[in-house]
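Structural characterization, general
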Amino acid sequence: TINGVKSPLVHEALLDWFKLFCIDFGASSLSTSVQESLTWVLKECESNNMKVRKAALDVMGTLNSQLGPIIGAFVKSKDIQSSSIEKALSDNPHDTSALSMERKMKCLTLSASSNSSHQGSSQANMSSILSIPTTDLVASLKSDCISRINTTEGKNAWKLRKEGMEEVKTCLSRCGGLISTEGKAFLSLKQLFLALRARLNDSQSNLKPISATLIGLLLN
């Protein structure tokens with residue numbers, strides 16, 4: 001395997017080839033092999049060789065542009081703190097048309113199976129190809145977070161509402177947007193959504209865009 005090869009030239013060349021593969025075939029053609037490939041690329045991001053690191057970061061950017069937030073969520077699930085990786089992801093934002101884009105090359109088996117499904121379902125399946133735990137968002141918030149978002153009494157109430165929404169934003173970022181929608185988690189999520197929707201008409205104009213952004217993140 002590549003892990004047993006010491007020459008950085010080989011590692012760099014394989015990373016460059018892998019990037020071209022993702023561009024020509026589309027990263028989604030990797031299917032369940034995405035997780036294994038991503039684990040390998042992340043390890044290469046820690047290489048002592050500058051060229052190998054750069055090649056690995058270029059791959060991370062390509063994967064993020066094609067597969068979206070699921071890549072950042074996977075990185076966070078591994079407790080990886082790297083400003084270089086964060087920059088590679090932010091410099092290559094998700095292209096929502098990537099899954100339906102016509103590619104230079106085609107995987108015959110993938111093309112045959114996808115004929116019976118539509119692009120929307122492919123997007124939904126992205127989260128199933130990586131083993132990442134989902135988060136009960138409301139349970140991860142302070143117990144009074146929703147009530148603070150709903151607070152309207154007192155001259156400093158708007159500050160409490162803002163603090164509550166900022167807390168939601170922080171928790172969403174921490175879990176990479178992968179939130180649970182099962183059972184009680186869904187019911188509490190609905191309460192949070194209603195609280196945020198009410199803030200779209202907040203008396204404090206600076207809170208309106210915050211609530212709109214959070215609603216967008218939840219729906220995304």
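The rules behind these values
Residues numbered from 1 in each chain as written. Predicted model: local features only at pLDDT ≥ 70, side-chain atom pairs only at ≥ 80, totals over all residues. Heavy atoms only, no water. Helix = DSSP H or I, 4+ residues; strand = E, 2+ residues; numbered from the N terminus. Expected span 1.5 Å × (residues − 1). Buried < 20%, exposed > 50% of the residue type's maximum accessible area, 1.4 Å probe, protein only. Arc of directions from axis to C-beta. Contact = heavy atoms within 4.5 Å. Axes fitted to C-alpha atoms, helices over the stretch in contact; angles between N-to-C directions. Parallel < 35°, antiparallel > 145°, perpendicular 65-115°, else oblique. Left-handed = near helix turned anticlockwise from the far one by under 90°. Disulfide = S-S within 2.5 Å. Core = buried A, V, L, I, M, F, W, Y, C linked by side-chain atoms within 4.5 Å.

1. Examining helix α10 (residues 157–174)
An ideal rise of 1.5 Å per residue puts 26 Å on 18 residues; α10 measures up with 26 Å between its terminal C-alpha atoms. Every buried residue of α10 is accounted for by A157, R161, G164, M165, E167, V168, C171 and L172. Along α10, the residues classed as buried sweep out an arc of 150° about the axis, all on the same side. For α10, the elements touching its buried residues are α8 (137–140), α9 (145–150), α11 (183–198) and α12 (208–219).

2. Here's the deal with the packing of helix α2 (residues 34–44) against helix α4 (residues 69–77)
With their axes 12 Å apart at the nearest point, α2 and α4 run at an angle of 60° to one another. Judged by the angle between their axes, α2 and α4 are oblique. For α2 against α4, the interelement crossing comes out right-handed. Side by side, α2 and α4 meet where Q35, L38, T39 and L42 of the first sit next to I71, F74 and V75 of the second.

3. Quick word on the state of the cysteines
What the rule picks out here adds up to 0 disulfides. The thiol of C145 is unpaired, and the distance to the nearest cysteine sulfur, on C171, comes to 7.4 Å. For C145, a relative accessible area of 0% puts it in the buried group. Relative accessible area serves as the criterion here: at 7%, C171 is assigned to the buried category.

4. Describing the nonpolar core
In terms of nonpolar packing, the biggest core is built from 30 residues, with L15, V41, M60, I71 and I85 touching the most fellow members. Elements with a minimum of two residues in this core: α1 (8–25), α2, α3 (50–67), α4 and α5 (83–90). For this core, the leading source of residues is α3, giving 8 residues. Other than its neighbours up to four places away in sequence, L15 contacts W40, V41, E44, V52, A55, A56 and V59. Listed in part, the 21 residues of the second largest apolar core include C145, I149, C175 and L196.

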